[in-house]
Amino acid sequence: MTDASPLLDVRHLSVDYHSDNGTVHAVTDVSFTLHRGEILGIAGESGCGKSTLAYAITQLLGPLAEISAGEMLYYGAGRPHPVASREPCSPSAMERGRAASKADQREQRTQPALSDLPSPSADGEQGSREATGGLGVGPSALPSPSADGVGPLGVGPAPVDILRLSPRRLRALRWSELAIVFQSAMNALNPVMTIGTQIMDVLRAHRPAMTRAQRQDRAAELLRLVGIAPERLKSYPHELSGGMRQRAAIAIALALLPPIIIMDEPTTALDVVVQREILNEIVQLRDQLHFALIFITHDLSLLLELADTIAIMYAGRIVEQGAQRDLYRHPRHPYSYGLLNAFPTLTGEQHAMYGIPGTPPDLRQPPAGCAFHDRCPLAFSACTAKLPVLQPWPVATTQTVACHLYNPRLHATPPTTAEIAASYAALAEGRTSR
Amino acid sequence: MRHLIRRLSIYVLAIWAAVTLNFFLPRLAPGNPAEAVFTRLSQQGPVSPNTLHALEIEFGVNTTDPLWVQYLKYLNNLLHGNLGVSTFYFPNSVSAVIAQNIRWTLVLLSVSVLLSFTLGSLIGVFMAWKRGSALDSILSSLMTFFYSILFPWLALLAAYFLGYVLGWFPFADGYNTRLTPGWSPDFILSAAYHAILPALTIIVSTVAGWMLTMRNSMITTLSEDYVLMARAKGLSTARVMFAYAARNAILPSVTGFAIALSAVVGGQLLVETVFSYPGIGFALFQAIQSQDYALADGILLLVIIATVVLNFIADLLYAVLDPRVRQERSA
Amino acid sequence: MRQSPASPATFDRAAQPAWSARLGALLRRSWSLVTLNRKVMLGSGIVGFFILVAIFGPLFVTQDPLKYTYDLVAPPSPAHLLGTNQGGQDVFSQLVVGTRSSLGWSFVAGLIVMAISVTIGLVSGYFGGFIDDVFSVITNVFLVIPSLPLAIVAVQYFNRSTFTVALVVALTNWPWGARVLRAQTLSMRSREFITAAKASGERTWRIIFFEIFPNQISIVAASFITTTIQVLLAVAGLEFLGFGDQATISWGIMLNSAYTGSALFQGAWWWFAPPGICIALLGSGLALLNFGIDEIADPRLRLKARRAPRGKAATA
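Residues numbered from 1 in each chain as written. Chains lettered and ligands numbered in written order. Predicted model: local features only at pLDDT ≥ 70, side-chain atom pairs only at ≥ 80, totals over all residues. Heavy atoms only, no water.

Moving on to the overall build of chain C. The secondary structure content of chain C amounts to 11 helices and 0 strands. Overall, chain C shows an N-to-C arrangement of helices and strands of α-α-α-α-α-α-α-α-α-α-α. (Helix = DSSP H or I, 4+ residues; strand = E, 2+ residues; numbered from the N terminus.)

This is how it looks when you write it as structure tokens:
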């Protein structure tokens, strides 16, 4: 699903919380690249910094948090949305199980480009994203690729660093390029405002040329897209079920068809059946709309079904990253293995399940060396002394891992997955026999 | 709707309780108020013995009627707007005196409460938004002091400095007494001019409460996910601040309106007295000073009813502001 | 200002350590919070000062506050630190001696309110059903009755004493606390430790007052303090206008003499200002305590440590 061009490049990002009893290094030196249309999963225990990472990317950190280092390069600004440059999706695929879109009957409306978007490109490409009066999913609403004259995607305008945008530019970039879905839609939706108004609010702020009726139509269309009856526009959040609320939150996120959506534990607050529905919905929408997704969860098993790439976070750092398939078959970092086996996978295969002993470290005083060393069944002398850095391993696959076990100079032979499993088993037996 | 009906029945009950209280107060009181009033009246001039009898019925002394008959008679009188005769404003009836004074009080009260609520809440919003700033810290400490300032004390200070020393505003009466009350522009201007100091006193001593309530509520609201999401949506600052944060943060203030109001009403009575403002507060003061029991009782009853009505308005407002209340909310 | 409801250990030694341990921990925590929170620290400092003055102040006053002298309306001097009033009485010694009455009545009324609101709130929330319905109606009815006008009228029928005013203010101020406590109790009723206590056959009144009550101390304290401020202001306000007992010495009575004696218009600020400032100061101290308690109860109001890194449900 992904194409090669990078969309968001996070480099050496660090976030600190300043409190009276010390500075908490919630995120330390995190780097990753998100590609167009990619689903990047970020997993870790609570307090590992994954939510902080989401807030940092969306620039929503509270007054006590500080981004102490790093940059976040965004490549999408001012360029056409992937949807516009792609083959128009077949109408039948778009309307799968949905009511017919009103966009079909509507004429195309041209709207002024977001002039204050940080775009150095003056080649008129921007217009293509704004050109759709409707949602952009109906065939007629989609400009044909040829008409746009879109160039090769890899060669874009210079990236912008989201962290260094002026407030005005940041506000313009928000939601139109980067939307977020929060863990609990009950809390994320304004309780005294109808769902419709909350969708239309976005349109009013970012698409000032739209008329009231157009906003109304588009909001209805968005609800249909996520499987909610358009009559619900007039409903207040408390009148919807938990699943519907989360769908509504997703509809709001889709309002401007942003290239990137961040979802922070979007299904955690839901029961299992609804959780499954929402996940299917997300996958389906991604296939239709081709947004890139950063999916944050503590439940690694969800990512195994959903993500293209997975990053595992521990104590504010990414300890392992790789393609979903590789990480699933061969988790390299002992922590990844432990996390992977903490949940029964939905796809079968009976594992022996061992929990990871111990608790995450105090991020005010992270332990010396590898933060995981005191919980790691395979820790050796180097682990307490030296901080492992993320490096590719093995060269043939997509994986990078921050673990001394894979450093030939420190550890002669890297462990196989079976050996990691065995070490956990031994640890568990040791605990029970004691 | 069910919620409002339930509130309404509570208020009817409250009024009934007030009425009943008003009936029992003179009957529980030690001594013989009828006699006291009669003595006072006869000092002012000749009074017929019938008056004593009327007073005795009113206060429930020296009567052979059982209590419940007295109570029914009392209720019947009330329903006919008969609150007795004022001894201070003799021979005016209590209802006439109240009707005369209530307008002044209502105008002064509603103007100052509205201004104070709006101003205080607005400033509270900004304090929370700029939380931790110099403005916030200075206002917070200042408001903590004003929060518990004594109404009449402040009134007297205002009368002295702004009225007496600086001579900016009149500090006694509700209007220029050389004018004849009426709807003439001169009179209305004069009334507005005279209302400035009392209103200012009430606003200054109540604004702190609204401000601090709003500030705290707003701070709590600002860390809600829906406010974060509104920011993430790239909405304008004003939209985030008002439509998302303040709109929710105002709800506790509206709920707290009932409690605040009863304090404001009390405070207003005191302020009116200091400024000799021709409202029911000053009338109540004079009634007590001259032991005009009937007038005092009537005013008390009226103040309670007014508070109840204002509370009901606050409830209506709440129902408009919070869609959740229409569903289910425990009282 | 810290709450220490009669050391629980003396009450029933054999009972399960759960609540006594909890209360002990709570007191330790309160102590650390008193020293940690700036508002609470400042507030308890101010209130503590006035309490000390109320208790010990009269012992140090050398001049009889009621004694008439020929120094009429004299400005402050070494002989009269805050000058004299129109009867030549020493304002400073009146101020010190008056603290006791002003503060004492406020606390007494605060305690009455606390007792009523705790009883009604807890009982109503714990039992629910019919009892709750009845109490809720009573609470809501009392909630809308304004206390000051009622107090004024009550003063006319009964004797003009601070007691009457304090009693009326207390009787009209309990509903707020009761309502909040009821809601809290309701939500606490289904918690595990209550279920456990019920299952172990603990008596109902013990559950209410020893299991639930200690968890609501912050609300109880807040309602106590709010009432204290209300009574302070109500009593002083009424005394200011002459509805007080002229034979006593209190800040309100002092203000009344300044008011009727046109102190301000004679330029005698020392006669008029000090009692008003003391009332506002004491009120501010109490309010600070209240705000501090709010901050303790709702960490979001604190400037420090906002929004810790989030994330739900640990693995393993």
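Additional details are given in the paragraphs that follow.
Below, the discussion takes up the overall build of chain A. Summing up its helical and strand segments, chain A has 16 helices and 12 strands in all. In chain A, buried positions account for 59% of the 434 residues. In chain A, once contacts between residues fewer than 6 apart in sequence are set aside, the share between residues at least 24 apart is 72%. Approximately 16700 Å² of chain A is accessible, and the part contributed by carbon and sulfur atoms is 54%. (Buried < 20%, exposed > 50% of the residue type's maximum accessible area, 1.4 Å probe, protein only. Contact = heavy atoms within 4.5 Å. Areas by Shrake-Rupley, 256 points an atom, 1.4 Å probe, with all protein chains shown as cover.)

With that out of the way, let us pick up the interface of chain C and chain B. Across the contact, 54 residues belong to chain C and 62 residues belong to chain B. Taking both sides of the interface into account, the surface hidden between chain C and chain B amounts to around 5500 Å²; carbon and sulfur atoms contribute 72%. The interface formed by chain C and chain B holds 4 residue pairs in polar contact (both at pLDDT 80 or more) in total. When residues of the side of chain C that touches chain B are traced back to their parent elements, those giving at least two are α4 (129-143), α5 (147-157), α6 (162-188), α9 (217-240), α10 (251-260) and α11 (269-297) of chain C. Considering every element that reaches the side of chain C that touches chain B, the biggest residue donor is α11(C), with 13 residues. Residue composition of the side of chain C that touches chain B, grouped by class: 36 nonpolar, 8 polar and 10 charged. (Buried area = accessible area lost by both parts, 1.4 Å probe. Polar contact = N/O pair within 3.5 Å; in protein donor to acceptor, adjacent residues only side chain to side chain. Nonpolar A, V, L, I, M, F, W, Y, C, P; charged D, E, K, R; others polar.)

This part takes up the packing of aromatic side chains. Throughout the structure, instances matching the rule amount to 33 aromatic pairs over all chains. Between B:F23 and B:F24, the aromatic rings sit 4.9 Å apart at their centres with planes inclined by 80°, giving edge-to-face as the arrangement. If you follow C:R206 out to its NZ or CZ, it ends over the ring of C:F210, 5.0 Å from the centre. (Phe/Tyr/Trp six-rings, centres within 6.5 Å; stacked < 30°, edge-to-face > 60°. Lys NZ or Arg CZ within 6 Å of the ring centre and 35° of its normal.)

We now examine the pairing of strand β6 (residues 178-181) of chain A. Residue and element names in this part refer to chain A. Burial along β6 is two-sided: L178 and I180 facing one way and A179 and V181 facing the other are all buried. Sheet topology places β6 next to strand β7 (residues 260-264); 4 bridges connect them, and they run parallel. Along β7, the bridge assignment pairs L178 with I260. (Pairing = 2+ DSSP bridges.)

Counting 172 residues, the largest nonpolar core has B:M218, C:F240, C:W251 and C:F272 as its most contacted members. Ranked by the residues each element gives to this core, the list is headed by helix α8 (residues 185-222) of chain B, at 15 residues. Of the residues that make up this core, three or more belong to each of domain 1 (2-79) and domain 2 (95-325) of chain B. Setting aside residues no more than four positions away along its own chain, B:M218 makes contact with B:V125, B:A128, B:W129, B:M241, B:A245, B:A246 and B:A249. Counting residues in hydrophobic clusters, the runner-up holds 121 residues, among them A:L279, A:Y314, A:L327 and A:L363. (Core = buried A, V, L, I, M, F, W, Y, C linked by side-chain atoms within 4.5 Å. Domains from an automatic or database assignment.)

All names here are of chain A. Spatially, the 4 strands line up as an open sheet ordered β2-β1-β4-β5, and their pairing is antiparallel. Two strands close off the open sheet at either side, each with one partner strand: β2 (22-35) and β5 (160-161). Two strands pair when backbone bridges link them, and strand β1 (residues 6-19) and strand β4 (residues 65-74) are joined in this way by 8 bridges, in the antiparallel orientation. Along β4, the bridge assignment pairs D9 with L73.

What follows covers the packing of helix α8 (residues 195-206) of chain A against helix α9 (residues 212-225) of chain A. Residue and element names in this part refer to chain A. Relative to each other, α8 and α9 sit at 120°, their axes nearing to 9 Å. Taken together, the axis directions place α8 and α9 in an arrangement best described as oblique. Along this stretch, α8 crosses α9, giving a crossing that reads as right-handed. On α9, the residues touching I195, I199, M200, L203 and R204 of α8 are R215, Q216, R218, A219, L222 and L223. (Axes fitted to C-alpha atoms, helices over the stretch in contact; angles between N-to-C directions. Parallel < 35°, antiparallel > 145°, perpendicular 65-115°, else oblique. Left-handed = near helix turned anticlockwise from the far one by under 90°.)

Opposite charge on two side chains lets them pair, provided their charged atoms get close. Enumeration according to the criterion identifies 18 salt bridges over all chains in this entry. Residue A:D308 is joined to A:R286 by a salt bridge in which the shortest nitrogen-to-oxygen separation is 3.2 Å. With A:D308 in the loop between α12 (300-306) and β9 (309-314) and A:R286 in helix α11 (residues 272-289), this pair connects stretches of sequence that are 22 residues apart. Relative accessible area serves as the criterion here: at 23%, A:D308 is assigned to the partly exposed category. Residue C:E202 is joined to C:R206 by a salt bridge in which the shortest nitrogen-to-oxygen separation is 3.8 Å. By the burial criterion, C:E202 is buried, and C:R206 matches it. (Salt bridge = Lys/Arg side-chain N within 4 Å of Asp/Glu carboxyl O.)

What follows deals with the pairing of strand β10 (residues 317-323) of chain A. All names here are of chain A. When you tally the buried positions in β10, you get 6 out of 7 residues, the bulk of the element. Here β9 pairs with β10 via 6 bridges, running antiparallel. Paired with Y314 across the two strands is R317, which belongs to β10.

Residue and element names in this part refer to chain A. The 8 strands lie next to each other as β6-β7-β8-β3-β9-β10-β12-β11, forming an open sheet whose pairing is mixed. Either end of the sheet is taken by a strand with one partner, and the two such strands are β6 and β11 (391-392). Docked against the sheet, helix α10 (residues 242-254) engages β6 and β7, running at close to 175° with respect to β6.

To continue, consider the confidence of the model for chain A. Residues of chain A with pLDDT of at least 70 account for 76%, and the chain-wide mean is 77. Below a pLDDT of 50 lies the segment residues 79-155 of chain A, which in the model reaches 146 contacts outside its immediate sequence neighbourhood of four places, other chains included. (pLDDT = per-residue confidence, 0-100.)

A separate point is α9(C). Between its first and last C-alpha, α9(C) extends 34 Å over 24 residues, near the 34 Å set by a 1.5 Å rise per residue. Across the 24 residues of α9(C), 21 count as buried, placing the element largely inside the fold. (Expected span 1.5 Å × (residues − 1).)

Residues and elements named next belong to chain C. For chain C, the mean per-residue pLDDT works out to 77, and 86% of the residues sit at or above 70. Across residues 1-15, confidence stays below pLDDT 50; counting only partners more than four residues off in sequence or on other chains, it has 19 contacts. In this model, residues 304-316 is a region of pLDDT below 50 whose contacts with residues beyond four sequence positions or in other chains number 45 contacts. Under the prediction, the complex receives an ipTM of 0.80, its pTM being 0.78.

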